[in-house]
Every structure is written in C-alpha cells, then in structure tokens.
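What the coordinates show
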Amino acid sequence: MSNVVHIASVCTIVPAIPTRQPCTLWLCNSQIQLLSENYLKQVYYFPEAVDSSPGSFDRLVTSLKVSLSQVLVPYYPIAGRPRIAGLDRPVLECNNQGVEFVVAFANASFHDWGDSMKHCSIEHELNQAQTEITDHENFPQLKVTKFRCGGIALGLVTTHIVTDGSSIFAFFKAWSDIHQGLPPPNPPPSFDSSILRARDPPSIKMPIRDYVAVAPSLAQDHTGKSGEDISPKYHVREFHMSELQLSHLRHEIASGPFSYGSFPTSFEAAAALVWKSITEARDLVDTAIATFVYSGSAKAGKNRRHPPIPDEYCGTSAMTLVLPCPARDLKNKHISLAARLVHDDIRAITHERFQSTIDWMELEGIGGPGRKEIAVNMRAEMAVYSVDLVTFPVYDVDFGWGRPAHFSLVLEPWYGNGVVVFLPTAQGGTRERRIVVMLLEDEMKRLLRSELLAKFATLE
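Summary of the structure given here. All residue numbers refer to positions counted from 1 along the written sequence of the respective chain. Given that the model is predicted, a residue must reach a pLDDT of at least 70 before its local features are reported, and side-chain atom pairs must reach 80 or more before they are shown or counted; all residues, however, enter totals for whole chains, interfaces and linings. Excluded from the side-chain calculation are hydrogens and water; included are all heavy atoms of the structure.

What follows covers the sheet that holds strand β4 (residues 81-83). With antiparallel pairing, the three strands of this open sheet are ordered in space as β2-β5-β4. Every interior strand has two partners, whereas the edge strands, β2 (24-26) and β4, have only one. Within the sheet, the average angular offset between the axes of one strand and its neighbour, ignoring direction, is 35°. In this sheet, strand β5 (residues 91-93) lies alongside β4 in antiparallel orientation, the contact comprising three bridges. Across the sheet, the residue bridging to Pro82 is Leu92, located in β5. Pairing between two strands requires that DSSP report at least two bridges joining them. Each helix corresponds to a stretch of at least 4 residues labelled H or I by DSSP, and each strand to a stretch of at least 2 residues labelled E; elements are numbered beginning at the N terminus. Working convention: axes come from line fits to C-alpha atoms, limited for helices to the stretch in contact. Angles between N-to-C directions cover 0 to 180 degrees.

Here you go:
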C-alpha cells in the first residue's frame with residue numbers, strides 16, 4: 001500500500017504571543033554535537049478522534065492550530081531555528097519562525113492494520129511533510145492525517161537540539177492539556193542550558209571513552225551511520241516482552257553466575273537480552289569489540305549533576321554512553337554477564353563523567369568553523385544502539401479523544417545497523433516492553449532463530 005496519503009494544506013503556526021526579540025539561547029556542547037544528527041520522526045495514532053458530523057475534522061484541525069500556537073508560548077524554542085553560519089559557536093535563535101503544520105487525508109482505515117496500528121505500512125508518509133527537510137531551516141514539522149475510519153495520526157518531525165526524549169513528551173502532554181482547556185505547565189519549562197556549561201578553564205579528570213574527535217569528512221565514516229540511503233536494506237522487526245517474560249528474564253539473570261547482589265532492573269535485563277542475542281546473530285569474531293550504546297540523562301540519578309538539574313529543564317540533558325565488551329564473552333558466557341556490565345556502567349555515571357566529557361568537547365573546539373566534529377565512539381557493525389523510551393510518559397497524552405492506541409518512533413536508514421528501541425505498550429505500560437530491532441537481512445534471519453530471544457520475547 002503506497003501513495004495513499006494526500007496533503008490538503010500546509011501552513012505555519014507561530015506562538016500566540018510572540019517571543020520578545022532579540023532572543024537567543026546558548027547551546028551546550030551536547031546540543032551542538034547533535035547538530036550533525038538527523039531528524040527524529042514520531043507518530044501518534046488516535047482511533048476515535050473524528051465523529052461523523054459535518055465539519056468535525058475541520059473543527060479539530062482549527063482547534064489543534066489554536067492550542068499549538070498557545071503551547072508554543074512557553075515552549076518558544078520549538079518555534080525557533082539554530083543559527084550556525086558565520087558564528088564561532090552555534091546558537092538557537094528563538095525568532096518565532098514557527099512550526100510547519102500539514103493537514104492530510106489517508107485513503108486507508110486503521111482496520112487495515114488492526115486497531116493497534118502496530119504494523120502500519122504507511123507510517124513514513126504520516127510525518128513526511130510537503131517541504132523536504134534539507135537543513136535546520138525548516139524544522140520542526142507536524143502533520144495531522146485523517147483516516148477513513150475517523151482515526152487520525154499526529155506525526156512530528158524534530159531534532160534533539162532543543163528537546164530530548166524526556167522533554168518532547170512533556171511538550172506533547174502540555175499541548176494536549178492546553179487543547180482541553182487546562183492551564184499551561186507551572187512552573188514553565190526552562191531552556192537555560194548554561195547549567196551544562198564547561199568549567200573555566202576546562203578540566204578533564206576522567207578518561208573520555210564515549211566520544212572521539214574526528215575530521216568533519218570522517219564523522220559519518222566513524223560511526224557507520226549516514227544520512228543518505230546508500231546502505232544495504234535493513235529489516236525491522238518488533239518483539240513483545242510480556243510482564244511474565246520480563247519477570248522470568250530478571251530471575252534468570254539474578255540466579256546466573258555473574259549476578260551482582262541486587263535484582264536486575266527491567267532495563268538491565270532487556271538490554272542484556274538484546275546485546276547478547278544480536279552479538280550472537282552477527283557471528284562476530286571472538287576478538288571483535290561489541291558495544292552497547294545507550295543514553296544517560298543528567299537528570300536521572302542523584303549523583304549525576306551537582307547541583308541537580310531542575311525538573312522544569314526541557315533542553316537536551318542526555319549524553320550517549322558506549323559500553324564495550326569482547327564478543328567472545330557475550331557469545332560464550334551467561335546472560336548475567338551482559339546484565340552486570342550494563343549495571344556497573346550505569347552506576348559509574350557520575351557528575352564528573354558528565355562534566356569531564358563536556359570539558360573535553362570544549363577543548364576540542366566543538367562547533368567552531370573548521371574544527372573537528374564529535375562522534376560517538378562506535379562502529380555500527382559491532383554496536384547495539386539502544387533508544388529507551390519505556391520510562392517516559394509516551395501515552396500520557398489526551399487531546400479529548402482518549403489516549404493514543406499506538407505510538408511509533410519511525411526508523412529511518414540513517415539510524416544504521418543494530419538500532420533497538422525499547423517502548424512501553426499502550427495497555428501494559430512499563431510492565432511490558434515493545435522491542436523494535438533494525439538489522440541487516442542476514443543478521444535479522446539469524447536473530448529470528450535465536451533460542452535465547454524467543455525464550456523471553458515474542459515476535460509480533
């Protein structure tokens with residue numbers, strides 16, 4: 001099924017109360033590092049948003065535009081644009097440029113894929129706007145698509161420059177609340193990234209393991225990720241881990257030879273499962289260094305920032321962390337080893353690990369013209385690159401049509417080989433897991449034959 005989504009209109013939504021000018025936000029080093037990343041695409045599915053009365057969808061669109069303009073007042077940086085050219089250091093200009101708002105119709109019904117929409121084959125069209133994203137001048141974009149059944153899809157295209165996973169869902173929650181007539185968030189969101197500033201002078205007190213500085217032309221080569229679809233075809237499969245399967249997995253790890261005195265968390269268990277299973281499916285040589293890549297937020301954990309980052313901070317506060325292990329150990333030893341490595345690495349996320357990395361980026365001259373780029377220290381063919389959204393309020397969104405039936409993070413080729421997304425389920429919340437995996441065809445075939453993975457997760 002293709003070419004079933006037709007765009008009806010495109011406009012730009014700006015804040016209802018314009019942000020006073022000039023307004024420029026300083027970007028921290030982790031935000032600047034993400035300027036070279038590609039765009040994030042997300043889709044929400046609401047099955048009963050539009051009733052059969054005449055003009056129902058038009059009224060819904062009008063109300064969405066109004067509430068979006070209102071939520072852009074406290075979330076004003078989302079209506080801004082990064083400024084890169086001609087500056088020693090990029091900034092975010094909060095210049096009321098707005099959000100591109102696209103209205104579309106789909107010649108399809110939710111029932112074509114089942115009410116849950118887990119296997120929607122047109123999700124790439126549900127956040128593909130009329131304006132092609134070629135640079136930072138035309139983001140973000142929002143697309144509302146009406147289906148024949150009365151359901152709608154809300155697709156958002158954004159980047160990590162302004163918001164990360166912990167804050168983009170707060171934006172959706174605030175938007176849906178305002179849409180229903182509730183007050184804006186109080187206290188209002190803060191975007192002051194100076195709390196993540198380098199020391200003066202910068203001081204590196206810990207080895208830098210997670211990033212490397214490379215020439216701009218080599219940045220993509222180092223990670224193996226590319227914004228162009230020149231890579232081999234990837235295969236995406238989704239697995240479901242029930243509450244019972246997750247419990248059995250955690251007990252398996254807790255009783256293993258590398259158990260670590262505390263019951264493994266759900267993330268440690270799920271991370272160990274995919275890291276070991278994918279490493280086995282890749283059939284890496286024993287001497288290869290397999291890496292597990294994950295995100296560590298400076299907000300989480302009492303020892304990660306001193307003073308702590310305020311709860312209302314909505315800028316990017318996460319860093320990418322890279323955990324290495326010889327492939328022979330992951331393949332030949334009990335899964336409790338992988339879990340222990342993840343557990344120990346998370347416990348090692350401290351204020352100084354964050355601060356030394358920030359200071360190192362500063363010394364490397366991040367963002368300056370002709371300077372080196374900062375790349376994640378990984379090789380895609382040997383890495384499992386995880387995105388964990390389980391603990392975020394993904395489904396805590398209600399525009400007045402009920403909670404979404406499904407949420408999807410749309411995987412694009414630029415994510416590269418070995419991407420794994422952990423998601424909550426609409427029904428089971430954080431007690432269950434949706435695990436979305438993208439691999440090369442041969443690796444995926446071997447993964448689907450994994451007895452270990454099949455024991456604790458079910459192919460959807």
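This paragraph deals with the packing of aromatic side chains. By convention, a stacked pair of Phe, Tyr or Trp rings (six-membered ring in the case of Trp) has centres within 6.5 Å and planes under 30 degrees apart, an edge-to-face pair has planes over 60 apart, and any other such pair is tilted. Under the criterion given, the structure shown has 24 aromatic pairs. When the ring of Tyr75 is compared with that of Phe191, the centres are 6.0 Å apart and the planes differ by 75°; the resulting orientation is edge-to-face. One end of the pair, Tyr75, is in the loop between α2 (56-71) and β4; the other, Phe191, is in the loop between α3 (165-179) and β9 (211-214), with 116 residues separating them in the sequence. This pair shows no difference in class: Tyr75 is buried, exactly as Phe191 is. Two limits define a charge over a ring: the Lys NZ or Arg CZ must be within 6 Å of the ring centre, and within 35 degrees of the ring normal. Seen from the ring of Trp26, Arg197 lies directly overhead, with NZ or CZ sitting 4.1 Å from the centre. Burial here depends on accessible area, computed with a 1.4 Å probe over protein chains only, as a share of the maximum for the residue type. Under 20% is buried, over 50% is exposed, and the range in between is partly exposed.

Quick look at the sheet that holds strand β14 (residues 383-388) now. Within the open sheet, the seven strands sit side by side as β12-β11-β14-β16-β17-β10-β18. Their pairing is mixed. Two strands close off the open sheet at either side, each with one partner strand: β12 (318-326) and β18 (458-459). Here strand β11 (residues 289-297) runs beside β14; their pairing, made up of three bridges, is parallel. Its bridge partner being in β14, Thr291 is matched across the sheet by Ala383.

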